[in-house]
Amino acid sequence: MAKPLVEAIAAMREEDALRIADQLLDGGEDPLLILEDCREALGVIGRRFEEGDCFIPELIMAGEMLSQISTRVKPHLKDQGKEPVKLGRVVMGTVQGDIHNIGKDIVVFMLDASGFEVQDLGVDVPPARFVEAVRQFEPQVVGLSGFLTLAYDPMRRTVEALAEAGLRSQVKVMIGGGLVDDRIRRYTGADAYGKDAAAAVALAKGFTGA
Amino acid sequence: MERPSQEPTGARKFEQWTRRWLAPEGVEFCSGGVAEAHRQRVGMLIDVIRLRKPERIPLSLATGFYPFAYAGVTGQEAMHDYGKLGYAMKKYHADFLPDTQASAMLYGPGRAFEALDYRLYHWPGHGVAPTAPYQCVEAEYMRADEYDRLINDPSGFFLREYLPRVFGALEPWKGLTPLTDIVELPFTGGALVPFGLPEVQASLRKLMEAGDEALRWAQAGGAIGNEIKATLGLPSLIGGFTKAPYDTLGDTLRGTRGIMLDKFRQPGKLLAALDRLVPLAIEMAVRWAGLGGAPVIFIPLHKGADGFLSTPDFRKFYWPTLKQVILGLVREGLVPFMFVEGGYNQRLDVIVDPDIPAGTTMWLFDQTDMREVKKRFTGWACFGGNVPASLLKAGRPEEVRDYVKRLIDDVAADGGYFLSTGAVLDDASAANVHAMLDTGREYGRYRQES
């Protein structure tokens, strides 16, 4: 039997989803099961996105519903220790000189919702900050985002900086953005490029064996 | 609905525009040969717009900040020192000699933006590196609950809400009285009161300072354009600018996130606002039209690309008002030039709309399958683009040559086609840009058919 909360989220019925979540909480439902429903719904939306049946507005709306439901669920969460085991760690950022955040934010949201622990360095991130984050956070994957053609060289410089710091072999680097393709993957020395957020999740899963 | 294809006015007005395009005002060509080269190039552009085969495929570059990198000038310098702007633009055009001239007005007067504390963008040296291009700062400059105010009075909304948010120096304008209050003598005094407030007066002084700079910039930019015409014979292509109503709302009013959520939460208001913006978008283009003599109106398309909407939502939210803008411009004899950023593979069946008269529009594609474009566009509209930014940056000249030859083989045979980069050129290898244009010049001749 399909769960009403999963159905409402997957069908983009925001008001219904919030009402159902409230009813479940009021009825004493385990908050972790409510979050589990949210993840299940996001799985459905993610698959539709991969298959070309839904698009960025649906991802944004799903994110909006999930964040509102999490806010409601949080006060009911007693045991923080029950956090599900993460699939792996990813450092994400838009490279130096580029301040575009929309694509990067969607990738961060999808990775997070898929079970990765993501450190988001923001936009216009210099190579040294990626290096520092890799040292401290010890991710398996580094994601470099960029919308401009002028992001090509900063992507390449970031990959070089990781190598110079002796960290290149510890991480897989994936790149993405509107004007990124396999030629730019070769040019930058990245391990892979992804054409959208679903591809980024698939790559991260592949890299971490998740 | 009125069928514009049966209305002769647009065609007649286009003929008037083309006379201005062929012989732009205020340009003294340095020789008869240059004047002839200019005339030939405009002739090729008119040929492709009208879906004919010119003597050769016209060559165009969707130019961003590349001229500065190429000429060794920073974007910051070009936006502040119009001598350097002119130097870079002239060198770029002289060395590459495309068939169309990129406008020197694209980059804007840096000092004017700084005087006004412009917050909508970061520009080189101001929020981004001196060599970076300007970039929009995503935010909700119009709140979700402000649709009615925009719809009721767009100018009032801009004056008292939007401008104070995007220009720090104009924040005091939040307190201005709507100018529509000024209807009769007894109300007029009260409406003038805000202009006596010290903070409003300070903002007006800043605005005058920015205006002085903008005037200097416009004169310099116009002179640069005229000089490139007069010495190199390269015509202007872009003679004006407007936007798809959905992008006006989604780019800089509600923002990408905002408009995507509005589609679910308040679709009726979104549709009403889109309709409200149509006459403004047309009027803006008509008023600016003819800059540099060209009748082509640049319309960059953003939030309707593949992935950004479903095709049913594209049909419902994006296309109807863009189509109205296109038809409004065509009725004025202008040539809407859609820069289709990203991919439009799922949109081709929608945009090839029989209500849009054949031979009146131009379309520049990036990551759209050009063979599919050709199949649908032949006999309907002029198209070009698709030479990838990644190839021009990271490829080898022989790869560029092969790519351009294949592209020409695939899609150019029937005319109505121009060769162009698919994305805005900010960063590239000069050898690759030469390879692209040289291949177009050599391989893009139609003589075998004539």
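Keep in mind that what you see is a predicted model, and the values were worked out from it rather than measured.

The rules behind the values
Residues numbered from 1 in each chain as written. Chains lettered and ligands numbered in written order. Predicted model: local features only at pLDDT ≥ 70, side-chain atom pairs only at ≥ 80, totals over all residues. Helix = DSSP H or I, 4+ residues; strand = E, 2+ residues; numbered from the N terminus. Rg over C-alpha atoms; globule rule 2.2 N^0.38 Å. Buried ≥ 20, exposed ≤ 12 C-beta atoms within 10 Å, placed from the backbone. Contact = placed C-beta atoms within 7 Å. Pairing = 2+ DSSP bridges. Nonpolar A, V, L, I, M, F, W, Y, C, P; charged D, E, K, R; others polar. Core = buried A, V, L, I, M, F, W, Y, C linked by C-beta atoms within 7 Å. Axes fitted to C-alpha atoms, helices over the stretch in contact; angles between N-to-C directions. Right-handed = clockwise from strand over helix to strand, strands pointing away. pLDDT = per-residue confidence, 0-100. Left-handed = near helix turned anticlockwise from the far one by under 90°. Parallel < 35°, antiparallel > 145°, perpendicular 65-115°, else oblique.

## Quick look at the overall build of chain A
- Each helix and strand in chain A was counted, giving nine helices and five strands.
- In sequence order, the secondary structure elements of chain A are arranged as α-α-α-α-β-α-β-α-β-α-β-α-β-α.
- Whereas a compact globule of 210 residues would reach a radius of gyration of roughly 17 Å, chain A reaches 18 Å, a difference of no more than 12%.
- Projected onto the principal axes, the alpha-carbon positions of chain A cover approximately 55 × 35 × 30 Å.
- The burial tally for chain A puts 51% of its 210 residues in the buried class.
- Taking the contacts inside chain A whose residues are at least 6 apart along the sequence as the reference set, 73% of them involve residues at least 24 apart.

## Considering the overall build of chain B
- Helix and strand counts for chain B come out as 19 helices and ten strands.
- A globule of 450 residues ought to have a C-alpha radius of gyration of about 22 Å, and chain B, at 22 Å, matches this closely.
- If you line up chain B on its principal axes, its C-alpha atoms span 75 × 50 × 40 Å.
- Looking at chain B as a whole, 49% of its 450 residues are labelled buried.

## Notes on the sheet that holds strand E3 (residues 127–128) of chain B
Residues and elements named next belong to chain B.
- Read from one edge of the open sheet, three strands run E3-E2-E4, paired in mixed fashion. The sheet terminates laterally at E3 and strand E4 (135–136), the two strands that pair on one side only.
- Two strands pair when backbone bridges link them, and strand E2 (residues 121–124) and E4 are joined in this way by two bridges, in the antiparallel orientation. When the sheet's bridge partners are listed, Tyr 121 is paired in E4 with Cys 136.

## A word on the interface of chain B and chain A
- Counting from both sides, the interface comprises 28 residues of chain B and, opposite them, 25 residues of chain A.
- Counting residues per element, the ones that place at least two in the side of chain B that touches chain A are helix H12 (255–265) and helix H17 (389–394) of chain B.
- Split by residue class, the side of chain B that touches chain A holds 14 nonpolar, eight polar and six charged.

## A closer look at the nonpolar core
- Core analysis: the largest hydrophobic core is formed by 205 residues, its most contacted members being Ile9(A), Leu111(A), Ile297(B) and Phe337(B).
- Broken down by element, this core gets its largest block of residues, ten residues, from helix H14 (residues 311–331) of chain B.
- Sequence-distant contacts of Ile9(A), defined by excluding residues within four places in its chain, comprise Ala17(A), Cys38(A), Ala41(A), Ala62(A) and Met65(A).

## Details of the sheet that holds strand E3 (residues 141–145) of chain A
Residues and elements named next belong to chain A.
- As summarised here, the arrangement of the five strands in space is E2-E1-E3-E4-E5, forming an open sheet in which the pairing is parallel. One side of each edge strand has no neighbouring strand; the edge strands of this open sheet are strand E2 (116–120) and strand E5 (192–194). Strand-to-strand twist of the sheet, defined as the mean angle between neighbouring strand axes without regard to direction, takes the value 25°.
- By the bridge criterion, five bridges tie strand E1 (residues 88–94) to E3 in an arrangement that is parallel. Its bridge partner lying in E3, Thr 94 is registered against Ser 145.

## Considerations on the pairing of strand E6 (residues 296–301) of chain B
All names here are of chain B.
- Among the six residues in E6, five count as buried, and that is most of the element.
- Pairing of strand E5 (residues 238–241) with E6, which is carried by three bridges, proceeds in the parallel orientation. Looking at E6, one finds that Phe 241 is bridged to Phe 298.
- Judged from the six bridges that link them, E6 and strand E7 (residues 335–340) form a sheet pairing that is parallel. Note on E7: the bridge partner recorded for Val 296 is Val 335.
- The β-α-β motif built from E6, the intervening H14 and the parallel element E7 has right-handed crossover chirality.

## Overview of the confidence of the model for chain B
- With 97% of its residues at a pLDDT of 70 or more, chain B has an overall mean of 95.
- Predicted complex metrics record ipTM = 0.91 and pTM = 0.94.

## Some remarks on unusual backbone geometry
- Despite not being glycine, Glu138(A) shows a phi value in the positive range, around 50°.
- Judged by local crowding, Glu138(A) falls into the exposed class, with 12 C-beta atoms found within 10 Å.

## Side note on the packing of helix H18 (residues 397–411) of chain B against helix H19 (residues 430–443) of chain B
Residue and element names in this part refer to chain B.
- One way to put it is that H18 packs onto H19 with a least axis distance of 8 Å and a crossing angle of 35°. Here H18 and H19 pass one another in a crossing that is right-handed. Here Pro 397, Val 400, Arg 401, Val 404, Lys 405 and Ile 408 of H18 come into contact with H19, specifically with Ala 431, Asn 432, Ala 435, Met 436, Thr 439, Gly 440 and Tyr 443.
- Among the residues forming the contact of H18 with H19, the class breakdown is eight nonpolar, three polar and two charged.

## What about the packing of helix H2 (residues 14–26) of chain A against helix H4 (residues 56–73) of chain A?
Residues and elements named next belong to chain A.
- Packing of H2 against H4 brings their axes to within 10 Å, and their N-to-C directions diverge by 20°. By the angle class used here, H2 and H4 are roughly parallel. Seen from above, H2 lies across H4 with right-handed handedness. Contact with H2, carried on its side by Glu 14, Ala 17, Leu 18, Ala 21, Asp 22 and Leu 25, involves Met 61, Met 65, Gln 68, Ile 69, Arg 72 and Val 73 of H4 and no other residues of that element.

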